[in-house]
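# Coordinates in review
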Amino acid sequence: MKKTGKAWFFIVAILIFALAYTSFFGVSTYYGDIENKIVKGADDIRFGIDIRGGVDVTFMPADGAEATHEQMAAAESVIKLRLVNLNITDYEVYTDYNKNRIIVRFPWKEDEASFNPEAAIEEIGATALLTFREGYERDSAGAPSGTTAEAIILEGQDVVSATGARQQTSSTSGVEYVVQLKLSNDGKAKFAEATGRLAGNGYISIWMDNTMISAPFVQVQITDGEAIITGSDSLEEAQALADKINAGALPFALSAESYSTISPTLGSRSLEVMVMAGIIAFILVAAYMILMYRLPGFIACIALLGQTAATIAF
């Protein structure tokens, strides 16, 4: 019984050390010079607006263009997609459909050095580039490569509309969620040629800028310019994909009507003070536990350290 207890003691100790290490340093794999983060460490923590500051901007259709409710929803969708692609997840986006404006608040990027609001706004609000491509080949960064990079089937101007919908099926569930796609006359001809070649043995991927948003399998040739994209798990998911497609076919660009920089409310100095206070508190607690419990106390301290690091990371 004692040997079993000691074995478990060392196993738990090793696990605690391993978790504490990954909390601070993370886990990465490398493919050549390209690093792929599996578990993010303390250095990968990106601060929000309260600590780092950011940008507050109002987007509107350029040149006073009138926008429908669906077009504004599509523009909001592409803004959110770009924010996520820039690793900016703690953003705020509000669409005022009555006044045709989209209000966006977002913190500076993790590696921001110039803190130039105009550059940040241009990166987020630039007109989206929608493409339909043959296959779904991607490079290590997720951008189209090989045949997919070269074989562009459709572009944004070839799409008239995309709508999320539900339709009846012969399966046991009785319903599936789809995106109904309508193409222009030029798009209809190009799509008929591509689906004729790929029917039954190929894919047509859909890209927003350099991000693949869908890659449906081509089942039959489509000659009437009205296609159905299946595979969505809900009506909301189908409509989200339709919004992204519509964003690439918007008849207007987005213009930043007004913007301002947001000063951090806590500030980097306050962050330094909090971190220092946490370190001092941990050292004092660790010293007390080591004196009271020696080795078991030391292990407990490491556990506390790992838990603290994990809490900060998340």
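Notes on the structure follow. Keep in mind the model is a prediction, meaning the values are calculated, not measured. (Residues numbered from 1 in each chain as written. Predicted model: local features only at pLDDT ≥ 70, side-chain atom pairs only at ≥ 80, totals over all residues. Heavy atoms only, no water.)

### Quick notes on the sheet that holds strand β6 (residues 130–134)
Strand order in the open sheet formed by four strands is β7-β6-β10-β11, and the pairing between neighbours is antiparallel. Bordering the open sheet on either side are β7 (152–155) and β11 (211–214), each of which pairs with just one other strand. Shown here is a sheet whose adjacent strand axes are inclined to one another by a mean of 35°, direction ignored. Pairing analysis gives three bridges linking β6 to β7, with the strands arranged antiparallel. Within the sheet, the bridge partner assigned to Arg133 lies in β7 and is Ile152. Where helix α6 (residues 185–198) meets the sheet, it contacts β6, β7 and β10 (204–208), and its direction lies at approximately 150° from that of β7. Running at roughly 70° to β10, helix α7 (residues 235–248) makes contact with β6, β10 and β11 of the sheet. (Pairing = 2+ DSSP bridges. Helix = DSSP H or I, 4+ residues; strand = E, 2+ residues; numbered from the N terminus. Axes fitted to C-alpha atoms, helices over the stretch in contact; angles between N-to-C directions. Contact = heavy atoms within 4.5 Å.)

### Thoughts on the environment of Gly200
Relative to the helices and strands, Gly200 is located in the loop between α6 and β10. On a C-alpha basis, the gap between Gly200 and Gln219 in space is 5.0 Å, while along the polypeptide they are 19 residues apart. Filtering out sequence-adjacent residues up to four positions away, Gly200 remains in contact with Phe217, Val218 and Gln219.

### A word on the packing of aromatic side chains
In total, this model carries two aromatic pairs according to the counting rule given. Taking 5.1 Å as the distance between ring centres and 70° as the angle between the ring planes, the aromatic pair formed by Tyr203 and Phe217 counts as edge-to-face. Residue Tyr203 is located in the loop between α6 and β10, and its partner Phe217 is located in the loop between β11 and β12 (226–232); the two are separated by 14 residues in the primary sequence. Looking at Tyr203, the relative accessible area reads 32%, which means it is partly exposed. With a relative accessible area of 36%, Phe217 lands in the partly exposed category. The structure contains a cluster of three or more aromatic residues connected by ring pairs, namely Tyr136, Tyr203 and Phe217. (Phe/Tyr/Trp six-rings, centres within 6.5 Å; stacked < 30°, edge-to-face > 60°. Buried < 20%, exposed > 50% of the residue type's maximum accessible area, 1.4 Å probe, protein only.)

### Regarding the environment of Ala143
Tracing the backbone through its elements, the reader meets Ala143 in the loop between β6 and α5 (146–150). Taking the C-alpha atoms as reference, Ala143 lies 7.8 Å from Met212; in sequence the two are 69 residues apart. Sequence-distant contacts of Ala143, that is, excluding residues within four places in its chain, are made with Glu137, Arg138, Trp207 and Asn210.

### Overview of α6
A rise of 1.5 Å per residue sets the reference length of α6, with its 14 residues, at 20 Å; its end C-alpha atoms lie 20 Å apart and thus fit the reference within 8%. Restricting attention to buried positions, one finds in α6 the residues Gly187, Phe191, Ala192, Ala194, Thr195 and Leu198. Those residues of α6 hidden inside the fold are in contact with β6, β7, β9 (175–183), β10 and β12. Of the residues flanking the end of α6, it is Gly200, one or two places downstream, whose phi is positive at about 85°. (Expected span 1.5 Å × (residues − 1).)

### Regarding the nonpolar core
Within soluble globular proteins, side chains that are nonpolar tend to cluster in buried spots. Counting 47 residues, the largest nonpolar core has Phe59, Ile79, Phe106, Phe132, Phe191 and Ile245 as its most contacted members. In terms of residues, this core owes the most to one element, helix α3 (residues 69–85), which gives seven residues. (Core = buried A, V, L, I, M, F, W, Y, C linked by side-chain atoms within 4.5 Å.)

### Focus: the sheet that holds strand β4 (residues 92–96)
Spatial strand order, β4-β5-β3-β13: four strands in an open sheet with antiparallel pairing. The open sheet has two edge strands, β4 and β13 (254–262), and neither has a second partner. Adjacent strand axes in the sheet meet at a mean angle of 15° when their direction is disregarded. The pairing of strand β3 (residues 54–61) with β13 spans eight bridges and is classified as antiparallel. Bridge pairing in β13 places Met60 opposite Ser255.

### Considerations on the pattern of salt bridges
Counted under the stated rule, the structure contains seven salt bridges. For Glu76, the salt bridge goes to Lys80, with nearest N and O atoms at 2.8 Å. Highlighted residues: Glu76 and Lys80, both in helix α3, separated by four residues, approximately one helical turn. A salt bridge links Glu193 to Arg197; its shortest N-O distance comes to 2.7 Å. Taken as a pair, Glu193 and Arg197 lie in helix α6 at a separation of four residues, close to a single helical turn. Here Glu193 falls in the partly exposed class, since its relative accessible area comes to 43%. By relative accessible area, Arg197 is classed as partly exposed at 42%. (Salt bridge = Lys/Arg side-chain N within 4 Å of Asp/Glu carboxyl O.)

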